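Descriptive structure summary
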Amino acid sequence: MSVGLLAVVDDILTAAVKASSKAAGVVIDDAAVTPQYVQGITPARELPVVGRIALGSLANKFLIIIPVAMLLTTFAPWVLPFLLILGGSYLCFEGAEKVLEWFGFGHGHAEEGARDEKRLVWGAIRTDLILSTEIMLISLASLDAGMGFWQTLAVLAVIALLMTLLVYGAVALLVKIDDIGMRMAESPVGSVRLTGARIVRSMPAVFRVISVIGTVAMLWVGGHLVIVNLGEVGLHVFADALHAVEHALEPLGGVVVWVVDTAISAVFGFIEGLVIVGAVLLIARLFGRRPTFDEAHSTSSH
């Protein structure tokens, strides 16, 4: 390999790592959201399901997000904010629906444990499409404006691979860690056996926490997407209010600003999600139907 080619590869890898670091928060959100889609299926199907979702995520990035992003940034950059508003609204809808489930406002779910793997995978891939779009667009916006078309394309391809491996590697570890704990619990070494037993006992609580984090992440990311991109299309009131709060809290430090920003975005996302859920239910009732929103259960609408 020539020195010139090595330099190009190094530039691409450096740019990819630098740009993808800007989207670290969304990557964490993606890793927190996805395990919810694997809960309740048989252990033997957990890794195959994660693998199918990961392949769907790669398809999202390489067949949809990267081509569309490159085309739109070249020919119609004004369309991107509208797409992000739609994507953010979908996340708000999903997050609000899950919060309603916590308080017993279900929508005709089947018995717990009845899982439709195909629907589950497609639901996860749809959610991944929104989160992956934000990851890729944040990364794209972080690249040097003077970077050429083909170099930009190469950097985005590297980011897509890195982010998919990172997110779904973490998800695979999370969903199989209880099996690792069970293996450890069978060890003849007392300390290893005790650690394994603790891991197994802690996993239900861990997944409950992950479920909460994933839902809050949906509302936070969705709400923030909508607020910011409404400002991009001319409706500045929400973005201006958020910026005013951030500015007022700057003397308290970056952590406080981030926490309050996240909380406001999540509350905004929840309110918007409730409005969308209400609109869907109202429209469905007008047509004499009862919608079911849970992607992970096999149900029918009557």
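On a predicted model such as this, the values are computed, not experimentally measured, just so you know. (Residues numbered from 1 in each chain as written. Predicted model: local features only at pLDDT ≥ 70, side-chain atom pairs only at ≥ 80, totals over all residues. Heavy atoms only, no water.)

1. Things to note about the overall build of the protein chain
In plain terms, the rule: Numbered from the N terminus, helices here are DSSP runs of H or I no shorter than four residues, and strands are runs of E no shorter than two. Here's how the labels work: a residue is buried when its accessible area is under 20% of the maximum for its type, exposed when over 50%, partly exposed in between, all with a 1.4 Å probe on protein chains only. Residues count as neighbours in contact if any of their non-hydrogen atoms are within 4.5 Å of one another. Values of accessible area rely on a 1.4 Å probe in the Shrake-Rupley scheme; residue burial ignores everything except the protein chains shown.
Secondary structure assignment for the protein chain yields nine helices and zero strands. Along the chain direction, N to C, the helices and strands of the protein chain fall in the order α-α-α-α-α-α-α-α-α. For the protein chain, the residues scored as buried account for 43% of the 302 residues in total. Considering only contacts within the protein chain whose residues lie at least 6 apart along the sequence, 80% involve residues at least 24 apart. Working note: accessible area of the protein chain is about 15,800 Å², and carbon and sulfur atoms make up 71% of it.

2. Quick notes on the packing of aromatic side chains
Basically, it comes down to this: Each pair of aromatic rings taken from Phe, Tyr and Trp, with Trp reduced to its six-membered ring, is defined by centres within 6.5 Å and is described as stacked if the planes are under 30 degrees apart, edge-to-face if over 60, and tilted in the remaining cases.
Summed over the entire model, instances satisfying the criterion amount to five aromatic pairs. When the centroid spacing of 6.5 Å and the interplanar angle of 80° are considered together, the rings of W78 and F82 count as edge-to-face.

3. Quick look at a nonpolar patch on the surface
What counts is decided by this rule: Each patch groups residues whose relative accessible area exceeds 30% and which form no salt bridge, using 9 Å between like charges and 5 Å between nonpolar side chains of Val, Leu, Ile, Met, Phe, Trp and Tyr. Salt bridges are counted wherever a side-chain nitrogen of Lys or Arg sits within 4 Å of a carboxyl oxygen of Asp or Glu.
Taken together, the side chains of F62, L63, I64, V68, L83, L86 and L161 present a nonpolar region at the surface, about 640 Å² in accessible area. Residue assignment for the nonpolar patch shows that the elements contributing at least two residues are α3 (43–75) and α4 (80–102). Here the nonpolar patch gets four residues from one element, more than from any other, and that element is α3. Residue L83 is classed as partly exposed on the basis of its relative accessible area, which comes to 41%.

4. A closer look at the side chain of T164
Just so we agree on the cut-off: A 3.5 Å cut-off defines polar contacts: any pair of N or O atoms within that distance qualifies, except that in protein one atom must be a possible hydrogen donor and the other a possible acceptor, and neighbouring residues in sequence count only when both atoms are side-chain atoms.
Mapped onto the elements of the fold, T164 is located in helix α6 (residues 149–185). Here T164 falls in the buried class, since its relative accessible area comes to 5%. A distance of 3.1 Å separates the side chain of T164 from the side chain of K61, its partner in a polar contact. Ignoring anything within four residues of it in the chain, the contact list for T164 reads A54, S57, L58, K61 and G169.

5. Remarks on helix α7 (residues 190–232)
An α-helical segment advances 3.6 residues per turn. Residues three or four places apart therefore align on the same side. Where we set the bar: The span one expects for a helix is its residue count, reduced by one, times 1.5 Å.
For α7, spanning 43 residues, the distance from its first C-alpha to its last is 60 Å, which sits close to the expected 63 Å at 1.5 Å a residue. Of the residues flanking the end of α7, it is G234, one or two places downstream, whose phi is positive at about 115°.

6. Points about the nonpolar core
Rules: By convention a nonpolar core is built from buried Ala, Val, Leu, Ile, Met, Phe, Trp, Tyr and Cys residues, the set being connected through side-chain atoms within 4.5 Å.
Ranked by size, the top nonpolar core spans 54 residues in total, and within it V49, V50, M136, L143, V155 and L156 carry the most contacts. Looking at this core, the element that brings in the most residues is α6, giving eleven residues. Those residues within four positions of L156 in sequence are excluded, and the remaining contacts are I66, M70, M136, L140 and L143. Residues I85, V226, L230 and F268 belong to the second largest nonpolar core, which totals seven residues.

7. Notes on the confidence of the model for the protein chain
To keep things clear, this is the line we draw: Confidence scores labelled pLDDT are given residue by residue by the predictor and lie between 0 and 100.
On average, residues of the protein chain score 80 in pLDDT, and 83% of them are at 70 or above. When mean pLDDT is taken per element in the protein chain, helix α8 (residues 237–249) scores highest with 92 and helix α2 (residues 24–33) scores lowest with 64. In the model, residues 108–114 has pLDDT below 50 throughout and makes 16 contacts with residues more than four positions away in sequence or in other chains. In this model, residues 295–302 is a region of pLDDT below 50 whose contacts with residues beyond four sequence positions or in other chains number 36 contacts.

8. Brief notes about the packing of α4 against helix α9 (residues 254–286)
We count it as follows: Helix axes use the C-alpha atoms of the stretch in contact, all axes being lines fitted to C-alpha atoms, and the angles between their N-to-C directions lie in the range 0 to 180 degrees. In what follows, roughly perpendicular refers to angles from 65 to 115 degrees, roughly parallel to angles under 35, roughly antiparallel to angles over 145, and oblique to any angle outside these ranges. In this classification, the charged set is Asp, Glu, Lys and Arg, the nonpolar set is Ala, Val, Leu, Ile, Met, Phe, Trp, Tyr, Cys and Pro, and all remaining amino acids, among them Gly, are polar.
Direction vectors running N to C along α4 and α9 enclose 85°, while the axes themselves pass 7 Å from each other. Taken together, the axes of α4 and α9 lie roughly perpendicular to each other. Contacts between α4 and α9 involve S89, C92, F93, A96, E97, V99 and L100 from the former and G269, F270, E272, G273, L274, I276, V277 and V280 from the latter. Partitioning the contact of α4 with α9 into residue classes produces ten nonpolar, three polar and two charged.

9. So, the packing of α3 against α6
For clarity, the cut-off: Left-handed is the label given to a crossing in which the near helix is rotated counterclockwise from the far helix by less than a right angle, and right-handed is the label when the rotation is clockwise.
In contact at an axis separation of 10 Å, α3 and α6 are set at 165° when each is read in the N-to-C sense. Here α3 lies roughly antiparallel to α6, going by the angle between them. For α3 against α6, the interelement crossing comes out right-handed. Grouping the amino acids of the contact of α3 with α6 by side-chain chemistry returns 20 nonpolar, three polar and four charged.

10. Some remarks on the side chain of D261
Mapped onto the elements of the fold, D261 is located in helix α9. What makes D261 buried here is its relative accessible area of 10%. Not counting the four nearest positions on each side in its chain, D261 is found in contact with W220, H224, L242 and E246.

11. So, the environment of A124
Relative to the helices and strands, A124 resides in helix α5 (residues 117–141). A sequence separation of 68 residues divides A124 from G56, and the C-alpha atoms of the two residues are 8.8 Å apart.

12. A word on the pattern of salt bridges
Where charged atoms from two side chains of opposite charge come close, those side chains can pair. Following the criterion strictly, the structure yields two salt bridges and no others. In this structure, the salt-bridge partner of K176 is E46, at a minimum N-O distance of 3.5 Å. Here K176, found in helix α6, pairs with E46, found in helix α3; they are 130 residues apart in sequence, far enough to count as distant. The pair formed by K176 and E46 is uniform in burial state, with each residue classed as buried.

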